[in-house]
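Coordinates in review
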Amino acid sequence: MGEKEIRSGSSSRRHGDALPHIHKDIAYAKLANLDPQYGLYTSFVAPLVYAFMGSSRDIAIGPVAVVSLLLGTMLSDEISNYKSHEYLRLAFTATFFAGITQMALGVLRLGFLIDFLSHAAIVGFMAGAAITIALQQLKGLLGIQNFTKKTDVVSVMRSVWSTVHHGWNWETIVIGLSFLVFLLITKYIAKKNKKLFWVAAISPMISVIVSTFFVYITRADKKGVATVTHIKKGVNPSSASEIFFSGKYLGPGIRIGVVAGMVALTEAVAIGRTFAAVKDYSLDGNKEMVAMGAMNIIGSLTSCYVATGSFSRSAVNFMAGCKTAVSNIVMSIVVLLTLILITPLFKYTPNAVLASIIIAAVIGLVNIEAIILLWKIDKFDFVACMGALFGVIFKSVEIGLLIAVAISFAKILLQVTRPRTAVLGKLPGTTIYRNIQQYPKATQINGMLIIRVDSAIYFSNSNYIKERILRWLTDEEGQRKTSGLSRIEYLTVEMSPVTDIDTSGIHAFEELYKSLQKREVQLILANPGPIVMEKLHASKFTDLIGDDKIFLTVADAVSTFGPKGEGVV
């Protein structure tokens, strides 16, 4: 990296932008049920590795809320005592295998797998995770000591209301709500005036400084206000010997790592693509996966947990004018100085403020406008979104993720196995044939039915397409007979959208041809593509129907077999 790049990527303003995220690192570590220093360790090593290996100029790396919650939930399902050393070792093991998963996807060029999570499912999953994270923060916000370890909304609310008379601490509530209101106001100001983005960026740091000073001078910690108490000073210790490479926790470590790695990768790639589109540069997806994988593998060996791209950090960097990945190096340096010099200052930082910082940060993940848009555009997408959302908040993060993946796959299968077909008619005064439902003025040809198939024809949909075509024929024959029109003698299949066909598809067309012969209807093909034609010739299907029944366009087929100038209105 040249001197010019370093100057553009790390002015004094960039140093200021790195500071507010330190408090989020501490808060996110708590979401993963880890000691605060592990959030700082992660924000020191991971961005440093990514700066030298990643292809995105804009992604800011560190712990994120959703992955931290996912990791914390899945780890605690295996080891309920998250204060135990085994819990920490399992976290490092999961991080190691998250990195292996990410790197393998990049090396083997399997990045397309993360695209199986549809946009709708991601919107629902993120919204559900945000609500779950916010509900988890009620423990710190209300000063509750005995809080449920479950993440579903019913268990959390039961835990909250069961302690309303004897478990809430009013001093903690006042501190937490005061700074939550302050943080939300600064976010609102920044949203209304983009030039004041720095107001929201520095508000977490101001909250921590002011609340820490307040607790110190009033000794509110003596009155039941829970504080961070202690953050271990110094740089990351090695954790290579802590990873489980055998024993009963190896399996869970691999499983948790694969899930966390995929979710982390999905979030990072989405962020990278967003900023790459805004700044008009290409993003090497496979290189990103290798960089993320290497980052988490190295992180697992240096006391870090799963890191990924953070939208809030990346947005702050973007607004601040960061032009290269050097901003990640700057952030690492600031975190290093924090670990070496100022961690003792967090001793009196109230947990309520960290809770309010997390709540303010995750509120933006609930995208109401996107959910409403899904309802307006595609009801199936809306169902996928709601399924993921309710799965997360009423059961668990893993169940929500599973529902999101399942519904995404269901949609793919539905679209593949149930492709659209349309009856075509001739637009008045032209030789163009279009869907009669989309163009009501389009007229059908007397004695001929024209059907378009809107997908490739494979084993998964060939039988459906054959039956759908026959059903169209039966319906149209009934309608035309009622109207006193001549019977259908020719059925033309418009095949321009059919990009490919397999042996099952050809077999289905052979059966269709035989069924039509029994009805004394001739099968005609219009505009099959080169790959389709090659396979039709190889299978001798063209000999079956005759080369004279295959045309370049629907208009050619109509001019040959249709009654000239006639149409069905």
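Here, every reference points to the structure presented above.
Here the structure is a predicted model, which is why all the values come from computation and not from measurement.

**A closer look at the packing of aromatic side chains**
Scanning all chains against the criterion turns up 13 aromatic pairs. With a centroid separation of 5.4 Å and an interplanar angle of 85°, the aromatic rings of Phe96 and Phe245 are classed as edge-to-face. Of this pair, Phe96 sits in helix α6 (residues 85-107) while Phe245 sits in the loop between α11 (197-218) and α12 (250-279), and the two are 149 residues apart along the sequence. Aromatic pair Phe551 and Phe561: ring centres 5.8 Å apart, planes at 85°, arrangement edge-to-face. With Phe551 in strand β8 (residues 550-551) and Phe561 in helix α24 (residues 554-561), this pair connects stretches of sequence that are 10 residues apart. Owing to a relative accessible area of 14%, Phe551 belongs among the buried residues under this scheme.

**Digging into the packing of helix α5 (residues 65-78) against helix α7 (residues 119-136)**
How two helices pack is summed up by the angle between their axes together with the distance between the axes. Contact geometry for α5 and α7: axes closest at 10 Å, N-to-C directions at 70°. Relative to α7, the element α5 is oriented roughly perpendicular. For the pair formed by α5 and α7, the contact residues are Ala65, Val66 and Leu69 on the first element and Phe125, Met126, Ala129, Thr132, Ile133 and Gln136 on the second. Residue composition of the contact of α5 with α7, grouped by class: seven nonpolar, two polar and no charged.

**A few points about the nonpolar core**
Within soluble globular proteins, side chains that are nonpolar tend to cluster in buried spots. If you look at the biggest cluster of nonpolar residues, it comprises 107 residues, and the most contacted ones within it are Leu34, Ile61, Leu71, Phe125, Ile133 and Met295. Sorting elements by how many residues they give to this core places α6 first, with 10 residues. Among all residues touching Ile133, those that are not within four sequence positions of it are Leu31, Ala65, Val66, Leu69, Ile358 and Val362. Counting residues in hydrophobic clusters, the runner-up holds 30 residues, among them Ile451, Trp472, Val532 and Ile545.

Calculation notes
- Residues numbered from 1 in each chain as written.
- Predicted model: local features only at pLDDT ≥ 70, side-chain atom pairs only at ≥ 80, totals over all residues.
- Heavy atoms only, no water.
- Phe/Tyr/Trp six-rings, centres within 6.5 Å; stacked < 30°, edge-to-face > 60°.
- Helix = DSSP H or I, 4+ residues; strand = E, 2+ residues; numbered from the N terminus.
- Buried < 20%, exposed > 50% of the residue type's maximum accessible area, 1.4 Å probe, protein only.
- Axes fitted to C-alpha atoms, helices over the stretch in contact; angles between N-to-C directions.
- Parallel < 35°, antiparallel > 145°, perpendicular 65-115°, else oblique.
- Contact = heavy atoms within 4.5 Å.
- Nonpolar A, V, L, I, M, F, W, Y, C, P; charged D, E, K, R; others polar.
- Core = buried A, V, L, I, M, F, W, Y, C linked by side-chain atoms within 4.5 Å.

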